[in-house]
Amino acid sequence: MKITRLIRYQTLLGILSPVVAVMLAFVVGGIIILVFIKSFAFAPVAFVELQGKGVPVDVLQSLQALKGKEYPNKSAFDKDVKSAIGEQSYQLYGGLIAGRTQIRENPLQVYTVIFTAALSNRDGWGNVLYRATPLIFTGLAVALAFQCGLFNIGGEGQMVMGGFAITWIGFTFIKFPAILLIPFCIIGGAAVGAMWAAIPGYLKARRGVHEVVTTIMLNWIAVAFTQYLTMAYKPKESWIPHTYKIAESARLSRMAEYLNAIGIDFPKSNLLNTAVLFAIGAVIFAAFLLKRTKLGYEIRSVGLNPTAAECAGISVAKNTVLAMAISGAIAGLAGVNQVMGYKHRFR
């Protein structure tokens, strides 16, 4: 009975944790909007208040042209006010005008605008899924390493290393057919991401170096290294720091092709591509690995109690390296979305 209750408790906690996290994110975001996000609007009441504060009538008449206008930032506001009343009057009354026309944004209205723009049509849904795809890969990479008690903060470095590996394979083996080149690119990106993540895994297992320190350091090394490689493989005729384009046979299709083929009207310009299917596949793979395999059991055991796992014959060092490598492989796949599905080059 105790084991059953524990399982139910963990299941409930697994459901509630992300819900609470999302709600907390909205609350914190709302506080930030209230405190830091400010706009400017020339409402009728602002003119009355400015007149009461002694602003000359001629200045107020000049500002009438801005009545009803809203400005999302101070730079646009200052530009129009200076144009309306002149530089000299702005120096005298600009601060007062800004103080009386400044308004705080309503978090509920901001969230309404965000969700309406993102989810009110199929194009918005496509953009959300496109931008979520690399986050699924990198978030899953962090979550998988965490199951082994590891904090993989190196998702960025593993992603850019994997992304460049995908690009290099894509523009090097241009004669390969799509049926070979696409899997080759994907496997290559995962392999390089795994190798990059295995470095802090090894240092943690053999030298006791904390993975947070090494993964953060390797992020900067990866960014600098890929910047160097990007310039090394930059087309001579280009002034933009990017590599050669990958072969046509290495590119992923847009989801619009398949959705329109089955009668679902979807914008062809939308960037959503089949990389989102790989992301979903990665989630299923990670769940199966952790819950249905011996390796997953060992990884979770090390994460829960490394001392007990060692006493049970489970190698903590081996599983530490393997967990980091698998985590890095998943993070390395994030480049599939950007390189193979959209930009078709590394930049």
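One structure accompanies this document, and this report is about it. Values in this document were obtained by computation on a predicted structure and should not be read as measured data.

What follows covers the overall build of the chain. Across its full length, the chain carries 16 helices and three strands. What you see for the chain is a C-alpha radius of gyration of 27 Å, clearly larger than the 20 Å of a compact globule of 347 residues, by over 25%. The C-alpha extent of the chain, read off along each of the three principal axes, is 85 × 60 × 50 Å. Within the chain, buried positions represent 40% of all 347 residues. Once local pairs closer than 6 in sequence are excluded, the contacts in the chain between residues at least 24 apart make up 71%.

Pairing is antiparallel in the open sheet, where three strands are placed in the order β2-β1-β3. With one partner strand each, in any of the chains shown, β2 (70-71) and β3 (102-104) form the two edges of the open sheet. Alignment of strand β1 (residues 38-41) against β3, held across three bridges, turns out to be antiparallel. The residue of β3 that forms the bridge with serine 39 is isoleucine 103. Against the sheet, helix α5 (residues 87-101) touches β1 and β3, its axis set at about 30° to β3.

On to the nonpolar core. Phe137, Cys185, Ile330, Val336 and Met340 are the most contacted members of the largest nonpolar core, which has 32 residues in total. Sorting the residues of this core by element identifies α7 (122-146), α8 (155-172), α9 (178-207), α12 (275-292), α15 (316-332) and α16 (334-343) as the ones contributing at least two each. Among the elements that take part in this core, α9 stands out by supplying seven residues, more than any other. Filtering out sequence-adjacent residues up to four positions away, valine 336 remains in contact with Ile166, Ile186, Leu252, Ala275, Phe278 and Gly341. Counting 16 residues, the second largest nonpolar core, distinct from the first, contains Val55, Phe77, Ile97 and Ala98.

Right, let's talk about the side chain of threonine 215 for a bit. Turning to its location among the elements, threonine 215 is positioned in helix α10 (residues 211-232). Looking at threonine 215, its side chain comes within polar contact range of the main-chain oxygen of glutamate 211, at 2.5 Å. What threonine 215 contacts, discounting residues up to four positions off in sequence, is Phe151, Asn152, Ile153, Gly154, Pro200 and Met324.

Here we come to the pattern of salt bridges. Where charged atoms from two side chains of opposite charge come close, those side chains can pair. Scanning all chains against the criterion turns up four salt bridges. The partner of lysine 204 in a salt bridge is glutamate 211, and the shortest N-O contact between them spans 3.3 Å. Notably, a salt bridge pairs lysine 318 with glutamate 298, separated by 3.7 Å at the nearest N-O pair. Placement of the pair is lysine 318 in helix α15 and glutamate 298 in helix α13 (residues 294-304), with a sequence separation of 20 residues. Among the residues examined, lysine 318 registers a relative accessible area of 42% and is labelled partly exposed.

Below, the discussion takes up α10. Taking 1.5 Å of rise per residue, 22 residues should cover 32 Å, and α10 covers 30 Å from first to last C-alpha, within 8% of that figure. Where α10 is concerned, the buried positions are Glu211, Thr214, Thr215, Leu218, Asn219, Ala222, Thr226, Leu229 and Thr230. Considered in projection along α10, the buried side chains sweep an arc of 150° and stay on one side of the axis. Facing away from the buried side of α10, by more than 90 degrees, are the exposed residues Met217, Trp220, Gln227 and Tyr228. Lining the buried residues of α10 we find α8, α9 and α15.

Now for the packing of aromatic side chains. Scanning the model with the defined rule gives 12 aromatic pairs in all. Residues tyrosine 130 and tyrosine 342 carry aromatic rings whose centres are separated by 5.9 Å and whose planes lie at 85° to one another, so their mutual orientation is edge-to-face. In this pair, tyrosine 130 sits in helix α7 while tyrosine 342 sits in helix α16, placing the two residues 212 residues apart along the sequence. Residue tyrosine 130 is classed as buried on the basis of its relative accessible area, which comes to 6%. Relative to phenylalanine 346, the ring of phenylalanine 164 lies with its centre 5.4 Å away and its plane at 80°, an arrangement referred to as edge-to-face. One end of the pair, phenylalanine 164, is in helix α8; the other, phenylalanine 346, is in the segment after α16, and 182 residues separate them in sequence. Across the pair, exposure class does not vary: phenylalanine 164 and phenylalanine 346 are buried alike. An aromatic cluster is built from Phe164, Phe171, Tyr233, Tyr244 and Phe346, whose rings are joined through pairwise contacts.

A word on the side chain of threonine 320. Topologically, threonine 320 is positioned in helix α15. Not counting chain neighbours up to four residues away, the residues in contact with threonine 320 comprise Cys148, Leu150, Gly201, Lys204 and Ala205.

Moving on, we come to the packing of α13 against α15. With their axes 10 Å apart at the nearest point, α13 and α15 run at an angle of 110° to one another. What the angle tells us is that α13 and α15 run roughly perpendicular. Contacts between α13 and α15 involve Leu295, Glu298, Ile299 and Val302 from the former and Val316, Lys318, Asn319, Leu322, Ala323 and Ile326 from the latter. Grouping the constituent residues of the contact of α13 with α15 by class yields seven nonpolar, one polar and two charged.

Rules used in this analysis
- Residues numbered from 1 in each chain as written.
- Predicted model: local features only at pLDDT ≥ 70, side-chain atom pairs only at ≥ 80, totals over all residues.
- Heavy atoms only, no water.
- Helix = DSSP H or I, 4+ residues; strand = E, 2+ residues; numbered from the N terminus.
- Rg over C-alpha atoms; globule rule 2.2 N^0.38 Å.
- Buried < 20%, exposed > 50% of the residue type's maximum accessible area, 1.4 Å probe, protein only.
- Contact = heavy atoms within 4.5 Å.
- Pairing = 2+ DSSP bridges.
- Axes fitted to C-alpha atoms, helices over the stretch in contact; angles between N-to-C directions.
- Core = buried A, V, L, I, M, F, W, Y, C linked by side-chain atoms within 4.5 Å.
- Polar contact = N/O pair within 3.5 Å; in protein donor to acceptor, adjacent residues only side chain to side chain.
- Salt bridge = Lys/Arg side-chain N within 4 Å of Asp/Glu carboxyl O.
- Expected span 1.5 Å × (residues − 1).
- Arc of directions from axis to C-beta.
- Phe/Tyr/Trp six-rings, centres within 6.5 Å; stacked < 30°, edge-to-face > 60°.
- Parallel < 35°, antiparallel > 145°, perpendicular 65-115°, else oblique.
- Nonpolar A, V, L, I, M, F, W, Y, C, P; charged D, E, K, R; others polar.

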